[in-house]
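Residues per chain are reported as follows:
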Amino acid sequence: MAYASKKEDESGLSSYYNNKTTIIQEARVFNDSPISPRKCRALLTRIVYLLYVGETFSAQEATTLFFGTTKLFQHKDSALRQMVYLAIKELATTAEDVIMVTSSIMKDMQPNSEVIYRPNAIRALCRIIDPSMAQGVERFFKAAIVDRTPSISSAALVSSYHLFPLAKDVVKRWVNEAQEAVSAKSSSSFFPGSSGGGYLNFGSSGNSSSGYQPIPSTSYITQYHALGLLYLIRQQDRMAVTKMIQQLGGGKSGAGTTLKNSMALCMLIRYAAKVMEEDPNVQRQILDLLEGWLRHKSDMVNFEAARAICEMKNVNASQLTKPIAVLQLFLSSPKPVLKFSATRTLATLALTHPAAVASCNVDLENLIADQNRSVATYAITTLLKTGNEASVDRLMKQITGFMSEISDEFKVIIVDAIRSLCIKFPTKHVSMLAFLSGVLRDEGGYDFKRAVVEAMFDMIKFISDCKEQALSHLCEFIEDCEFTKLSVRILHLLGLEGPKAPQPTKYIRFIYNRVVLENATVRAAAVTSLAKFGVNAVDDGLRKSIGVLLNRCLDDVDDEVRDRAAMYLKVMKESSLADTYVKEESVFSLAALESKLVAYVNDADASAQPFDASSIPKISRAQLAAESTRPSTLDIIAAPATRASASPPPPTAAETQSAYVQQLADIPHFAEYGTVLNSSTKPAQLTESETEYQVTCVKHIFREHIVFQFNVSNTLPDTVLEQVVVVMQPQADSGLTEDVVFQIDSLSCANSPGIVYVSFKRDNPREYTTTSFQCILKFISKELDPSTGRPEEEGYEDEYQLEEVELSAGGDYIIPSYASFSSEWDRLRSGATATETFSLGAMESIKAACDSIIELLNMEPLGGTEMPSSPSVHTLQLSGLVTGGGGKVLVRCRMTFSRGQGVTLELGVRAEQENACALVVSVVGG
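The rules behind these values
For every chain, the first residue of its written sequence is number 1, and the numbers climb from 1 along that sequence. With pLDDT at 70 or above as the cut-off, local features in this predicted model cover only qualifying residues; side-chain atom pairs require 80 or more to be listed or tallied, and sums for whole chains, interfaces and linings still use all residues. Side-chain measures here rest on the full set of heavy atoms in the structure, leaving out hydrogens and waters. For the purposes of this entry, the term helix denotes a DSSP run of H or I that reaches at least four residues, the term strand denotes a run of E that reaches at least two, and both are numbered from the N terminus. Every residue pair with non-hydrogen atoms within 4.5 Å of one another is taken to be in contact. The Shrake-Rupley method, run with a 1.4 Å probe sphere, supplies the accessible areas, and residue values consider only the shown protein chains as cover. Here a patch means residues that are over 30% exposed by relative accessible area and free of salt bridges, tied together within 9 Å if like-charged and within 5 Å if nonpolar (Val, Leu, Ile, Met, Phe, Trp, Tyr). A carboxyl oxygen of Asp or Glu within 4 Å of a side-chain nitrogen of Lys or Arg is what we treat as a salt bridge. This count recognises Lys and Arg as positive and Asp and Glu as negative, with His and chain-terminal groups excluded. The location of each charge is read from NZ of Lys, CZ of Arg, CG of Asp or CD of Glu. Think of it in three bands: residues with accessible area under 20% of the maximum for their type are buried, residues over 50% are exposed, and the middle band is partly exposed, with areas taken using a 1.4 Å probe on protein chains only. One fewer than the residue count of a helix, multiplied by 1.5 Å, yields its expected span. When DSSP finds two or more bridges between a pair of strands, those strands are recorded as paired. Planes of paired rings set the category: under 30 degrees apart is stacked, over 60 is edge-to-face and the rest tilted, where pairs are Phe, Tyr or Trp rings (Trp by its six-membered ring) whose centres lie within 6.5 Å. Ring-over charges, as used throughout, are those where CZ of Arg or NZ of Lys falls within 6 Å of the ring centre and within 35 degrees of the ring normal. A 3.5 Å cut-off defines polar contacts: any pair of N or O atoms within that distance qualifies, except that in protein one atom must be a possible hydrogen donor and the other a possible acceptor, and neighbouring residues in sequence count only when both atoms are side-chain atoms. Among buried residues, those of type Ala, Val, Leu, Ile, Met, Phe, Trp, Tyr and Cys that are joined through side-chain atoms within 4.5 Å constitute a nonpolar core. Geometry is summarised by axes, namely lines fitted to C-alpha atoms with helices restricted to the contacting stretch, and by angles between N-to-C directions that run from 0 to 180 degrees. Angle categories: roughly parallel below 35 degrees, roughly antiparallel above 145, roughly perpendicular from 65 to 115, and oblique for all the rest. Throughout, a crossing is termed right-handed when the near helix is turned clockwise from the far one, and left-handed when it is turned anticlockwise from it by less than a right angle. Amino acids outside the nonpolar list (Ala, Val, Leu, Ile, Met, Phe, Trp, Tyr, Cys, Pro) and the charged list (Asp, Glu, Lys, Arg) are all regarded as polar, and Gly is one of them.

Looking at the overall build of the protein
Per the secondary structure count, the protein includes 41 helices and 19 strands. Considering only contacts in the protein between residues 6 or more positions apart, those separated by 24 or more positions represent 66%. Carbon and sulfur atoms make up 51% of the accessible area of the protein, which amounts to about 45,600 Å² in all.

Below, the structure written as structure tokens:
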């Protein structure tokens, strides 16, 4: 292909040369007679180039080019034919009627065709055929997979891999051929002189006419491709995968393996690590294999095995000795990639096993001055995690030296490492704060500045000695901060921490400067921050000064700023408003608020009544901050790729509640019940985990009904359960009447779990019924016919005794909710109150009594009172909401402990409703 010169490129000739319209017009060269191979190759190259850079062809354009290209099939020029296959492979996804060229491609797939065409033909055919044709080409693919020519075998294996999602059942039948390809001891390409059906003429009787002699392959890349296909076929069968790993592993030393390709061994190691993670029972065997691979001649295999051991669950120090020794050797390697991979893995390992990594500290210190700054950064962060207090100052000096030479991404890693170090060694806060304030003045992007600011936030939160100095540095930063989000966050922090400082007035100048100089968003935040100084001011003079500043804000051009100023001027004059809007420590749980709002909007009848915010649980500001805090970069750097497939984090209680609401809304009968007041946060297990039938129960509380959701799983693969129901028998005088039961018509191992619903009507919706139910699982059991896979006609009735289901106050009627205890306790003085004394003789300590009461009532402990400070006397404070309009309830538990008598409890309850107060007392009184 003739490339455009620099001058042509500058004049725009290159863009014309690679223009889509120009190429389509020039496609007539495919029709020339005689065909010019050079022109056709150049045009095909340009087509592939356009597709590569993201250019798209319409279906008509692609079809025209596709069938124009197929006219070149008969040409004898081998380079042109290869280019033809590449072009039709890329155009096949867009062009129409591509299946018409199948017969032409299959001619080049025949065993007696020239070797140079067969791999290209196989790859092109994979893109063109549809799933229904896969069975028709099966014999060609099987023959190609076991072909003694590596390029043909690899092409067939990779094409099979891409065909698998479309024709799983067909490709699964090729497992024996893939096994043969992965176990091949050697390639016949090492013996080019062999005759007959040898390397060039698999299945043919004569020599090739082209004289093409492929270069002998010593990479054994076919094994890598074959292993990938084998795993794809067997991935759902853990036993088969485990057996494959043991067969190909080569024993404890790894020397007996038939795998010669390093990438294939690395892939096998990753499969082994995944199996070990899913099945701890094979950990010992696979660990032996991994330790054997640590002695392999390939650095790639050594590293992969070392990393797999380092990422094992519950790995101990003795198991880490060998992999760390291998990684330590890599640290002194002249190859940058080995040093980088080793430092990155050690940086990850140091998060959980700093003592084990400490043996590499000398080698890591030598890498701080490495010319590759990525290696130096990981070395520094690892040393910060494994070093001791004495080495902090020395490391800080070395870090300062090269901060200007690394990218923002690595600066963030360094800053986050220092952020963790501040908490670990608080006495070194002076040097670390000086470093952070220095880098805050340097040039950098948003992520870098945010990392520095959050590191300072942590120091203010956890190290009281540096609070004033850190606030001063942040005030200086917002004087010239280009990031609105950071300015707003810093102003918010100044509003929280500034009024508590010994000299709060020194921060007011910085805050008011933002009102004068910044954009509307920052000005609004500054107004709120000023108001907090005014509300919390002890000095009346300061309060008046703040009032003057806020009055000036009433003339601001932005309505948000004016409204905030007007509101806070009113709040400063009335203490009750100040308690609600400024000093209030609790906020709504955002997830619960969202769930309630969605239910309110979706309920057509609810719009007749105003939205009831009193039923939404509250959380403390500290809990809200913990929920919204981003993960530290230090915790996620060098995160292993294998963890990408790990199970996602469990859903929160509010997310679970939302899912249950959606499930119930899909059933018309339950939709008539109205809004779900509460659902169990965790299903109750009603059977042992080893039994053939597994059942869990979730309770849903409505205003006039209670619905029990039984999740039933059948673990027997050769049995089908039909007409599955749960028979519930409540205690006498429970105040509940059975309303409806929804059964499972058919439950097999494949479609488990299924759901049985049992609904009870509450005779008196104002009462909080607490009772227990005896439960029996009833069903008709039928065997599966192994020949047809269908259940037999005849079955037999059977039943299975389940654990009792408890309907209790805590968890079913009471929801944890945060509150400011002292102010709420005083507010509820005029409401329903009760005081009872109990003797808890079985309790061995006050801590045990606190845990039991919290679990029993399912209420939010306040002010850290769940952790007793004295072993003999303690007061536990609890807060919660009672569903169904029961309102807020507070509990004060005064406890004393003496040996021999246990814990004496004085239970004080205050609530908005009398029945809510009685409910709490009845639960503790039992």
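Here's the deal with a negative patch on the surface
Taken together, the side chains of Glu688, Glu690, Glu803, Glu804 and Glu806 present a region of like negative charge at the surface. Judged by relative accessible area, which is 52%, Glu688 ranks as exposed.

Some remarks on helix H41 (residues 914-925)
Here H41 is 12 residues long and its end C-alpha atoms lie 17 Å apart, about the 16 Å a rise of 1.5 Å per residue gives. Ala916, Cys917, Leu919, Val920, Val921, Val923 and Val924 are the residues of H41 that are buried. Looking at the buried residues of H41, the elements they touch are strand E14 (814-816), strand E15 (832-840), helix H40 (846-857), strand E17 (873-882), strand E18 (887-898) and strand E19 (902-911).

Quick look at the pattern of salt bridges
Scanning all chains against the criterion turns up 36 salt bridges. Residue Arg270 pairs with Glu304 through a salt bridge whose shortest N-O separation is 3.0 Å. You can see Arg270 sitting in helix H15 (residues 262-278) and its partner Glu304 sitting in helix H17 (residues 299-310), a full 34 residues away along the chain. Here Glu799 ties to Lys778 by a salt bridge, and the two come within 4.0 Å at their closest N and O atoms. Of this pair, Glu799 sits in strand E12 (residues 796-801) while Lys778 sits in strand E11 (residues 771-783); the two residues are 21 residues apart in sequence, bridging distant segments of the chain. Residues participating in the shared-partner salt-bridge network are Asp416, Arg419, Glu454, Asp458 and Arg489.

Regarding unusual backbone geometry
Notably, Asn314 is not glycine yet its phi reads approximately 55°, a positive angle. If you trace the backbone, Asn314 turns up in the loop between H17 and helix H18 (317-331). A positive phi angle, near 55°, is found at Asn858, a position not held by glycine. Here Asn858 lies in the loop between H40 and strand E16 (860-861). A relative accessible area of 27% means that Asn858 is categorised as partly exposed.

Some words on the pairing of strand E5 (residues 693-701)
The element E5 is largely enclosed, with a buried count of eight among its nine residues. Both strand E4 (residues 684-685) and E5 contribute to a ladder of two bridges, which runs antiparallel. Within E5, the residue paired with Ala684 across the bridge is Cys697. As paired strands, E5 and strand E6 (residues 705-714) are joined by nine bridges and run antiparallel to one another.

Considering the packing of aromatic side chains
Taken as a whole, this structure holds 17 aromatic pairs when the rule is applied. Each ring, one from Phe66 and one from Phe67, has its centre 5.2 Å from the other, and the planes form 80°; the classification is edge-to-face. Note on Phe67: relative accessible area 23%, which makes it partly exposed. Three or more aromatic residues joined by ring pairs make a cluster, and in this case those are Phe670, Tyr673, Phe702, Phe742 and Tyr757. The ring of Phe448 is capped by Lys411, whose NZ or CZ atom sits 5.2 Å from the centre of that ring. Positioned over the ring face of Phe510 is Arg509, at 4.2 Å from the centre of the ring.

Some thoughts on a nonpolar patch on the surface
A contiguous nonpolar patch, built from Tyr49, Tyr52 and Val53 and spanning about 380 Å² of accessible area, is present on the exposed surface. Note on Tyr52: relative accessible area 72%, which makes it exposed.

Brief notes about the environment of Gln801
Its place among the elements puts Gln801 in strand E12. Classification of Gln801 by relative accessible area gives exposed; the value is 54%. Residues Gln801 and Leu777, spaced 24 residues apart in sequence, show a C-alpha to C-alpha distance of 6.3 Å. If we ignore the near neighbours within four places in the chain, the residues touching Gln801 are Cys775 and Ile776. Here the side chain of Gln801 touches Cys775 through a polar contact of 3.2 Å, landing on its backbone oxygen.

Considering the nonpolar core
In terms of nonpolar packing, the biggest core is built from 197 residues, with Ile105 and Ile418 touching the most fellow members. The element best represented in this core is H15, accounting for 10 residues. Those residues in contact with Ile105, other than ones at most four positions away along the chain, are Phe73, Tyr85, Ile88, Ala121, Ala124, Leu125 and Ile128. Among the nonpolar cores identified, the runner-up in size contains 60 residues, and Phe779, Val805, Tyr813 and Val889 belong to it.

Focus on the pairing of strand E10 (residues 754-762)
The buried fraction of E10 amounts to seven of the nine residues, a majority that puts the element mostly inside the structure. Where E6 lies against E10, eight bridges are found, and the strand directions are antiparallel. Within E10, the residue paired with Gln709 across the bridge is Tyr757. With six bridges connecting them, strand E8 (residues 736-742) and E10 associate as antiparallel partners. By the bridge assignment, Val741 is partnered in E10 with Val758.

Quick notes on the side chain of Arg910
Here Arg910 is to be found in strand E19. Here Arg910 occupies a buried position and makes no salt bridge, while the nearest side chain of opposite charge, Asp826, is found at 4.9 Å. Apart from residues no more than four positions distant in its own chain, Arg910 is found in contact with Trp825, Asp826, Leu828, Arg829, Ala832, Thr833, Lys888, Val889 and Leu890.

What about the environment of Asn302?
Along the chain, Asn302 falls in helix H17. Taking C-alpha positions, Asn302 is 8.7 Å from Leu327, a pair spaced 25 residues apart along the chain. Those residues in contact with Asn302 that sit more than four places away from it in its chain are Trp293, Leu294, Arg295, His296, Val326 and Phe330. One polar contact links the side chain of Asn302 to the main-chain carbonyl oxygen of Trp293, over a distance of 3.1 Å.

A closer look at the packing of helix H13 (residues 221-234) against helix H14 (residues 238-249)
Here H13 crosses H14 at 155°, and the two axes come no closer than 9 Å. Classified by the angle between their axes, H13 and H14 sit roughly antiparallel to one another. Crossing angle aside, the handedness with which H13 passes H14 is right-handed. Contacts between H13 and H14 involve Leu227, Leu230, Tyr231 and Arg234 on the former and, on the latter, Ala240, Val241, Met244 and Leu248. A breakdown of the residues in the contact of H13 with H14 according to their chemical character gives seven nonpolar, no polar and one charged.

Details of helix H29 (residues 505-517)
Turning to H29, its buried residues are Tyr507, Ile508, Phe510, Ile511, Tyr512, Arg514 and Val515. Those residues of H29 that are buried are in contact with helix H27 (467-478), helix H28 (484-497), helix H30 (520-535) and helix H31 (540-552).

Things to note about the environment of Ser595
Secondary-structure assignment places Ser595 in helix H34 (residues 590-602). Among the residues examined, Ser595 registers a relative accessible area of 13% and is labelled buried. In this structure, the C-alpha to C-alpha distance between Ser595 and Ala659, residues 64 residues apart in sequence, is 9.6 Å.

Side note on the packing of H30 against helix H32 (residues 559-573)
Viewed as axis vectors pointing N to C, H30 and H32 meet at an angle of 5°, and their least axial separation amounts to 9 Å. One way to sum up the angle between H30 and H32 is to call them roughly parallel. Taken together, the residues of H32 that come into contact with H30 (itself represented by Ala520, Arg523, Ala524, Ala525, Val527, Thr528, Ala531, Gly534 and Val535) are Glu560, Val561, Arg564, Ala565, Tyr568, Val571 and Met572. Of the residues that constitute the contact of H30 with H32, the class distribution is 11 nonpolar, two polar and three charged.

Brief notes about the side chain of Lys449
With respect to the helices and strands, Lys449 occurs in helix H26 (residues 446-462). A polar side-chain atom of Lys449 sits 2.8 Å from the main-chain carbonyl oxygen of Leu440.

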